[in-house]
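A closer look at the structure
Okay, here's what each chain looks like letter by letter:
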Amino acid sequence: MIGMARRFSTPFTCTAVVPQPSTCFEIHSSLENLLLFAQVLTRPIQKGRYLPQVMSGKTAMVTGITGQDGSYLAELLLDKGYEVYGLVRRVSQPTSGRSLINHLLTNEKFHLVNGDLADQNSIDNAVAQSQPDEFYNLGAMSFVPESWRSPMMTADITGLGALRCLEAIRKHAPHCRFYQAGSSEQYGKVRDVPQTEATPFHPRSPYGCAKVFAFEITRNYRESYDMFACTGILFNHESPRRGLEFVTRKVTMTAARIAKGFDECLWIGNVDAKRDWGFAGDYVEMQWRMLQQDTPGDYVVATGRTHSVRDMITLAFSHVGMNLVWSGEGVDTIATDQDGTIRVRTNPKFFRPAEVDLLIGDPALAEKELGWVPGTSFEELVQMMVDSDVAIVEEAVKGGYAPPIPPE
Ligand code: NAP
Ligand code: G4F
């Protein structure tokens, strides 16, 4: 039997009532286990430089609130005294699918509104009723490989979704400031190293193409209607809340599983790709800052450093006591530990039809105009994610249920 399911940002909790084959992650059935997960995943942000707290009395609407960035941004806005409205898709099992924001549901300033980026009516109603001062469009189909499998849906949600938000604001709350979650995937086959706000776009995936449309339409609404509309061109940012299918979290969870005896090796794709990886908790601060300035603009948000996937894997495995030695090339790449056991193997299915080989952003404008600098190093980020995943696996062992398996 093949079950077809919508892609969710937190897939390991969303399909709770679907029977899983024994090789897959057995969804923890009790509420207690779910809460344990939520506690580990929703530890407060510890690093990053923040502006002093300002109790704002403002209202913000956030799409993508159930995702990695949405959950951190919601915490940041609530801390600043905002009334926060999160747009959420209807799901059949709402209590099990929102693990990253479960801890916010009792906050009286936190509200969930049903809506979908595919549906203009629902966004219109949400904006008309909540009358936000600030609108953060973080919702998207955000997993690049899925965008080749579902290009129309990606264009609709990740691309047109931004336009639907802009239209809702133009019609129902023209005073509202708009933030669009842009991506370094817009640069794709990069024309400059490092990439700046002036670097031309050359996207390499349907996802990148959709983000370019969203970027351009945001700029167009700013110029056409004098709207306060900005795009943050964010480079990869990760955290213990990152979806398990993205490479960093796949690596840290698999390293933790191997360390605790659940797996023998990590199956991976192109380890030569390089990314500029920062901490999501630092990056949501910049999203907020962009809407606090006098004039709207677009900014690169990055660390200015790049690392290969291979380096990231080596570092993560070293934190669980495995010192990897690499050999082979391309699909023959492997890595063995100090005992000679193969701990990383390559599977061609994880290679992409068109790859983004090198991303490194120049955050100079963000620092100069908004005083933003990332507070967490790559080494601290990887350590934080490994520690969190080791804790999740240990909780699972203690609770007698199976730890998560990264989906493909
Ligand atoms: P994420 O964890 O995958 O979260 C995506 C969010 O979008 C989820 O809340 C998801 O809701 C929501 N969503 C998906 N389809 C929707 C629809 N049809 N209607 C309403 N909501 C929908 O992504 P993230 O890492 O937090 O990233 C946030 C944003 O930044 C995204 O736009 C992403 O493309 C962009 N971005 C991310 C990075 C990065 O490195 N993280 C870098 C550059 C840009 P469900 O929970 O219902 O699935
Ligand atoms: O972690 P990734 O899947 O992230 P990717 O494709 O860079 O996209 C992320 O960052 C973008 C910003 O640049 C966001 F806009 C986007 O929404 C998303 O958050 O893959 C990173 C690299 C790629 O080069 C990929 O080919 O890792 C390589 N990789 C190698 N093996 C793998 C794997 N990626 C995944 N997901 N899984 C693998 O097994």
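Provided above is the structure to which this section pertains.
Residues numbered from 1 in each chain as written. Chains lettered and ligands numbered in written order. Predicted model: local features only at pLDDT ≥ 70, side-chain atom pairs only at ≥ 80, totals over all residues.

Right, let's talk about the sheet that holds strand β13 (residues 325-327) for a bit. The mixed open sheet is built from 4 strands, whose spatial order is β8-β15-β14-β13. Either end of the sheet is taken by a strand with one partner, and the two such strands are β8 (266-268) and β13. In this sheet, adjacent strand axes meet at a mean angle of 20° when their direction is disregarded. Bridge analysis of strand β14 (residues 334-336) against strand β15 (residues 342-346) gives 3 bridges, and the strand direction is antiparallel. (Pairing = 2+ DSSP bridges. Helix = DSSP H or I, 4+ residues; strand = E, 2+ residues; numbered from the N terminus. Axes fitted to C-alpha atoms, helices over the stretch in contact; angles between N-to-C directions.)

Bringing the site of ligand 1 into the picture now. Taken together, 28 residues sit near ligand 1, with G64, G67, G139, A140 and A181 positioned nearest. For the shell around ligand 1, the secondary structure elements donating two or more residues are α3 (68-79) and β5 (177-183). With 3 residues, the top contributor of residues to the shell around ligand 1 is α3. Across the shell around ligand 1, the residue classes break down as 11 nonpolar, 14 polar and 3 charged. (Near = placed C-beta within 6 Å. Nonpolar A, V, L, I, M, F, W, Y, C, P; charged D, E, K, R; others polar.)

Quick look at the environment of Q287 now. Tracing the backbone shows Q287 in helix α9 (residues 280-290). As for Q287 and A181, which are separated by 106 residues in sequence, their C-alpha atoms are 8.3 Å apart.

What follows concerns the environment of P145. Structurally, the position occupied by P145 is in helix α5 (residues 144-149). Residues P145 and F350, 205 residues apart in the sequence, show an inter-C-alpha distance of 8.6 Å.

Further remarks concern the nonpolar core. Counting residues in each nonpolar core, the largest one holds 100 residues, and the members touching the most others are V62, L73, A74, I169, F178, V301 and A316. Broken down by element, the residue count for this core peaks at 9 residues, all from helix α12 (residues 378-399). Contacts of V301, omitting those with residues within four sequence positions, involve G232, I233, L234, F235, Y283, M286, P363 and A366. (Core = buried A, V, L, I, M, F, W, Y, C linked by C-beta atoms within 7 Å. Buried ≥ 20, exposed ≤ 12 C-beta atoms within 10 Å, placed from the backbone. Contact = placed C-beta atoms within 7 Å.)

Turning next to the site of ligand 2. In the region of ligand 2, 22 residues are neighbours, and S142, S183, V247, G269 and A273 sit closest. Residue composition of the shell around ligand 2, grouped by class: 10 nonpolar, 6 polar and 6 charged.

Across the junction of V193 and P194, the peptide omega takes the value 0°, indicating a cis bond. Mapped onto the elements, P194 comes out in the loop between β5 and α7 (206-225). Even without a glycine there, the phi angle at Q131 is positive, about 45°. Inspection of the secondary structure puts Q131 in the loop between α4 (120-130) and β4 (134-137). The phi dihedral of D226 is positive, around 60°, even though this residue is not glycine. The topology assignment puts D226 in the loop between α7 and β6 (229-234).

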